[in-house]
Amino acid sequence: MADSPSNPKKIKDLKARLGRTVAPGGSSPGSLQPPGAPPTSVRPPSMRPSSPGGYPAPTPSVPAPVAGVGPGAVAPPPFVGSTPAQAADPFAPSNLAPQRGPQEVRIVVDDAAIAEGAAGKKSTVKVALLLAAGLVLGLAVGYFVSSLAGERQQFNLALRDAKDIYSAVQGARSVMEQTQTAIDATLAAAKGQGGAAPRVDYAAIERLRALKKPFDAGQFARKRYLAFEGTTVDDLFAYYNNINLMWDKIERLAARTLSEQRRKALDASAATAEVVATPTGCVPTTVEGRTMCGLVFLAPKEGSEDAVLMRSSLRSSQTVEKKIFREGTSLGDAPSDYVFIVDPTKSAGVLGQGASEFAIYVGEISDLKALVVQTMEIQGRLEQGLGKVARLNEL
């Protein structure tokens, strides 16, 4: 049968179409080139050159005729493998770099290394913080130690100053006691105590003038009062001011009393001052029908407000009791039993015209006495306050 597959001619044509025809000359199966023909190859679509626009060139629907193949030759299909001759083609797939798709990239993370790095970083930060804290602490401790040392030094210096001032105040006590003794003597003489007439004690005033000022500004100026109490500092300045004022008064007193001319004036005034200072009275008497009044010195009678003791002179020790004449009293037949009290303020010009000089003197020494008493009280407080500080030990 013409269409039978056992027909050799048809089988041969079929093999030729399938590319399995063995060409004469011993070429490899699938080759369509006659012996001696130059090798040609058919490129797969993926290796075809691109068009100028960057897109792959269109694949012709009919393969181009192979050189050296006769009109009856059939081109092999695109899936037929290439012949060995194609290896020489530089555009052959075997000579190009292999085409690779996206590849998986694995990143290997070393947990131990990361942990070690994090620990190292934490350790570095910790060390830096510790160093910073140590630096701040060192500065604070240094400042505290330096400040403490400075305060300790200032306290020790104040303690030494307190001891110096305490010693100066103690040294002034002896002079202040001598001052007080001399002033007491002048007051006793001016009052005429012990039955003596009022007088000026010039020897006591000379002792006062001979005394040197026991305390001056150089003994407490530029001192440190850190260890002192506030009241002690106030007393210290009051003590200094009182001593200055006291010595000024002593100088004025000496100038008003110690010259020869002043002594005579004071002595005369002292004699008159005794009369003015002593209470006086007038005892009425009747002589030849006339009522007259005689001056007498009076002294109070203890336990009685209506009677006084009369004496005829200051030196007389004999006294006589008299009744005080009051408004509405009748003298009767014995007027000498009564006494009229004399007002000394209105009679000073008559009784003692020169009493003012002595009165001024008594006023001056009385002021000195009050100032000495006040200063001695301050001295006692100073010795107590400064003594507490002076007994402390240095730091």
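Computed from a prediction, not measured in an experiment: that's the story for all the values here.

Draft legend 1. Focus on the pattern of salt bridges. Counted according to the given criterion, the structure contains 8 salt bridges. When the shortest N-O distance is used, the salt bridge between Asp235 and Arg381 registers 3.1 Å. Taken together, the positions of Asp235 in helix α4 (residues 230-257) and Arg381 in helix α7 (residues 355-390) put the pair 146 residues apart, joining distant regions of the chain. A relative accessible area of 13% means that Asp235 is categorised as buried. Counted as one network, the salt bridges with shared partners bring together Arg173, Glu177 and Glu383.

Draft legend 2. Spatial organisation of the pairing of strand β4 (residues 320-324). With 4 bridges joining them, strand β3 (residues 307-311) and β4 adopt antiparallel strand pairing. Each bridged residue has a counterpart across the sheet, and for Ala307 the counterpart in β4 is Lys323. Bridging between β4 and strand β5 (residues 338-341) involves 2 bridges; their strand directions are parallel. The residue bridging Lys323 from the neighbouring strand is Tyr338, located in β5.

Draft legend 3. Spotlight on empty space enclosed by the protein. Enumeration over the complete set of coordinates arrives at 1 cavity of 30 Å³ or more. Its boundaries defined by the atoms lining it, the largest cavity holds a volume of some 30 Å³. Along its surface, the largest cavity is lined by Arg256, Thr257, Arg262, Leu266, Glu357, Tyr361 and Glu364. For the lining of the largest cavity, the elements supplying multiple residues, two or more each, are α4, α5 (260-277) and α7. Take the lining of the largest cavity: its biggest share by element is 3 residues, from α7. Along the lines of polarity and charge, the residues of the lining of the largest cavity split into 2 nonpolar, 1 polar and 4 charged.

Draft legend 4. Representation of the packing of aromatic side chains in the model. Enumeration over the complete set of coordinates arrives at 4 aromatic pairs. Consider the rings of Phe215 and Tyr239, whose centres lie 5.3 Å apart with planes at 70 degrees: the pair is edge-to-face. Here the residue Phe215 occupies a position in the loop between α3 (202-210) and α4, and Tyr239 occupies one in helix α4, the gap between them amounting to 24 residues. Like Tyr239, Phe215 is buried. Ring centres of Phe325 and Tyr338 lie 6.3 Å apart, and the angle between their planes is 90 degrees; this geometry places the pair in the edge-to-face category. Remark: Tyr338 occurs in strand β5 and Phe325 occurs in the loop between β4 and β5; sequence separation between them is 13 residues.

Draft legend 5. Structural detail: the packing of α3 against α4. One way to put it is that α3 packs onto α4 with a least axis distance of 9 Å and a crossing angle of 140 degrees. On the basis of their axis angle, the class for α3 and α4 is oblique. Crossing handedness for the pair α3 and α4: left-handed. Mapping the contact onto sequence places Tyr202, Ile205, Leu208 and Arg209 in α3 and Ile250, Glu251, Leu253, Ala254 and Thr257 in α4.

Draft legend 6. Fine view of the environment of Val283. Positionally, Val283 belongs in strand β1 (residues 280-287). Val283 sits in the buried class, given a relative accessible area of 8%. With sequence-adjacent residues up to four places away left out, Val283 is seen in contact with Met292, Cys293, Gly294, Val296, Met310, Lys322, Ser336, Tyr338 and Val339.

Definitions and limits used
- Residues numbered from 1 in each chain as written.
- Predicted model: local features only at pLDDT ≥ 70, side-chain atom pairs only at ≥ 80, totals over all residues.
- Heavy atoms only, no water.
- Salt bridge = Lys/Arg side-chain N within 4 Å of Asp/Glu carboxyl O.
- Helix = DSSP H or I, 4+ residues; strand = E, 2+ residues; numbered from the N terminus.
- Buried < 20%, exposed > 50% of the residue type's maximum accessible area, 1.4 Å probe, protein only.
- Pairing = 2+ DSSP bridges.
- 1 Å grid on protein atoms, 1.4 Å probe; cavity = no way out; pocket = protein on both sides within 12 Å on 5 of 7 lines; lining within 4 Å.
- Points joined across faces, edges and corners; volume = space filled by probe spheres on them.
- Nonpolar A, V, L, I, M, F, W, Y, C, P; charged D, E, K, R; others polar.
- Phe/Tyr/Trp six-rings, centres within 6.5 Å; stacked < 30°, edge-to-face > 60°.
- Axes fitted to C-alpha atoms, helices over the stretch in contact; angles between N-to-C directions.
- Parallel < 35°, antiparallel > 145°, perpendicular 65-115°, else oblique.
- Left-handed = near helix turned anticlockwise from the far one by under 90°.
- Contact = heavy atoms within 4.5 Å.

Geometric descriptors of this kind do not, in isolation, establish any biological role.
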